[in-house]
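The chain contents come next:
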Amino acid sequence: MSKGRISGLFSRHRRELTDYVGKRLRDRDLAADFVQETFLRFVEHGDALPAGACRAFLFSTAHNLTVAHIRATQRRRTTAVTHEEIADIADDQAWPDQVAAARQRIRQLAAHLEELPPLTRRIFVLNRVSGLSYQQTAVKLDISESSVQKHLAAALQHLLRRLPR
């Protein structure tokens, strides 16, 4: 990716992105950090995007980072509880047999994924494991979104047939 392209995008969209994120977080410094992270992700994943899609990618990434931060902050909020209330909380740690069964299911899933053609497997991993959208996966692999959807459907059908219910 050319430095000029990144520099130009940064110059054009930094302030707008910072304002967008800052309004949601009410923290200008944190917003600036998120904008930096947005551009880092663009460098990693946006190099194949056409010029017209860059702004949308930047705003989508900034939005996703902001939403993830807000959700994480809300999950961390706690309220005061008494020692008795804490003592009544059930232990939710998995039992050793549950851990072993989960590991076995993961090994089965990995084996079934290996049965797929390489492109289908890569599409499944990019979309379902790495969390890339159909569009991002298509751009990364230089194929159509329709191809991504068809390969993903084939992968899911294969896994549904092979995995125990």
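Residues numbered from 1 in each chain as written. Predicted model: local features only at pLDDT ≥ 70, side-chain atom pairs only at ≥ 80, totals over all residues. Heavy atoms only, no water.

### Focus on the pattern of salt bridges
Where charged atoms from two side chains of opposite charge approach closely, those side chains can pair. This is how the line gets drawn: One speaks of a salt bridge when a side-chain nitrogen belonging to Lys or Arg is within 4 Å of a carboxyl oxygen belonging to Asp or Glu. Going along the chain from the N terminus, every DSSP run of H or I of four or more residues is numbered as a helix, and every run of E of two or more is numbered as a strand. Residue exposure (1.4 Å probe, protein chains only): buried if accessible area is under 20% of the type maximum, exposed if over 50%, otherwise partly exposed.
Per the stated rule, a full pass over the model turns up four salt bridges. Of the charged contacts, one joins Glu 16 and Arg 55 as a salt bridge, the two residues approaching to 2.5 Å between their closest N and O atoms. Here the residue Glu 16 occupies a position in helix α1 (residues 3-25), and Arg 55 occupies one in helix α3 (residues 54-76), the gap between them amounting to 39 residues. Accessibility expressed as a relative area gives 32% for Glu 16, which makes it partly exposed. With a relative accessible area of 41%, Arg 55 lands in the partly exposed category. As a salt-bridge pair, Arg 162 and Glu 115 come within 2.6 Å of each other at their nearest N and O atoms. Of the two residues, Arg 162 is situated in helix α8 (residues 145-162) and Glu 115 in the loop between α5 (96-114) and α6 (118-129); the sequence distance between them amounts to 47 residues. Take Glu 115: its relative accessible area is 40%, and that puts it in the partly exposed class.

### Some details on the confidence of the model for the protein chain
To keep things clear, this is the line we draw: Every residue gets a pLDDT, meaning the predictor's confidence in that residue, from 0 to 100.
Overall, the predicted model of the protein chain reaches an average pLDDT of 86, with 96% of residues at or above 70. Least confident of the elements in the protein chain is helix α4 (residues 83-87), whose mean pLDDT is 74; most confident is helix α7 (residues 134-141), at 95.

### Topic: the side chain of His 158
Put simply, the rule is: Throughout this description, a polar contact denotes any pair of N or O atoms lying within 3.5 Å of each other; where both atoms belong to protein, one of them has to be capable of donating a hydrogen while the other can accept it, and for residues adjacent in sequence the pair is counted only when both atoms sit in side chains. Contacts: residue pairs with any heavy atoms within 4.5 Å of one another.
Along the polypeptide, His 158 turns up in helix α8. Residue classification places His 158 among the buried residues on the basis of a relative accessible area of 13%. Polar contacts involving the side chain of His 158 include one to the side chain of Glu 115, which spans 2.8 Å. Ignoring any residue separated from it by four or fewer positions in sequence, one finds His 158 in contact with His 112, Glu 115 and Leu 116.

### Notes on the nonpolar core
Condition: For our purposes a nonpolar core is just a set of buried Ala, Val, Leu, Ile, Met, Phe, Trp, Tyr and Cys residues, chained together by side-chain atoms within 4.5 Å.
With 18 residues, the main nonpolar core has Leu 17, Val 21, Phe 39, Phe 42 and Leu 49 as its most contacted residues. Listing elements by their share of this core, those giving two or more residues are α1, α2 (28-45) and α3. For this core, the leading source of residues is α3, giving six residues. Once you skip the residues sitting within four places of it in the chain, Leu 49 turns out to touch Arg 5, Phe 42, Cys 54, Phe 57 and Val 139. Core analysis: the next-biggest nonpolar cluster, separate from the first, contains 12 residues, Leu 113, Leu 141, Val 148 and Leu 152 among them.

### Regarding the packing of aromatic side chains
Let me state the cut-off plainly: Planes of paired rings set the category: under 30 degrees apart is stacked, over 60 is edge-to-face and the rest tilted, where pairs are Phe, Tyr or Trp rings (Trp by its six-membered ring) whose centres lie within 6.5 Å.
What the rule picks out here adds up to three aromatic pairs. Judged by centre distance (5.3 Å) and plane angle (70 degrees), the rings of Tyr 20 and Phe 59 are edge-to-face. Here Tyr 20, found in helix α1, pairs with Phe 59, found in helix α3; they are 39 residues apart in sequence, far enough to count as distant. Looking at Phe 59, the relative accessible area reads 14%, which means it is buried.

### Examining the layout of surface pockets
Keep this limit in mind: Space inside and on the surface of the protein is sampled on a 1 Å grid over the protein atoms alone, with a cavity defined as a set of points where a 1.4 Å probe fits but cannot get out and a pocket as an open set with protein on both sides within 12 Å along at least 5 of 7 lines; lining residues have an atom within 4 Å of a point. Grid points are joined across faces, edges and corners, and a volume is the space filled by probe spheres set on the points. Classification used: nonpolar for Ala, Val, Leu, Ile, Met, Phe, Trp, Tyr, Cys and Pro, charged for Asp, Glu, Lys and Arg, polar for all others including Gly.
What the largest pocket holds in volume is close to 400 Å³. Of all the secondary-structure elements, those providing two or more residues to the lining of the largest pocket are α2, α3 and α7. Per-element tally for the lining of the largest pocket: the top contributor is α3, with six residues. Each residue belonging to the lining of the largest pocket can be placed in one class, and the counts come to six nonpolar, nine polar and one charged.

### Re α2
In plain terms, the rule: Under the convention used throughout, the expected extent of a helix is 1.5 Å for every residue step, that is, one less than its residue count. An arc is given here, and it is the one of the directions from the helix axis to the C-beta atoms.
The end-to-end C-alpha distance of α2, which contains 18 residues, comes to 25 Å, matching closely the 26 Å that a straight helix rising 1.5 Å per residue would cover. Among the residues making up α2, those that are buried are Ala 31, Phe 34, Val 35, Thr 38, Phe 39 and Phe 42. Down the axis of α2, the buried side of the element spans an arc of 140 degrees, and every buried residue falls inside it. Exposed and facing more than 90 degrees away from the buried side of α2 are Asp 29 and Glu 44.

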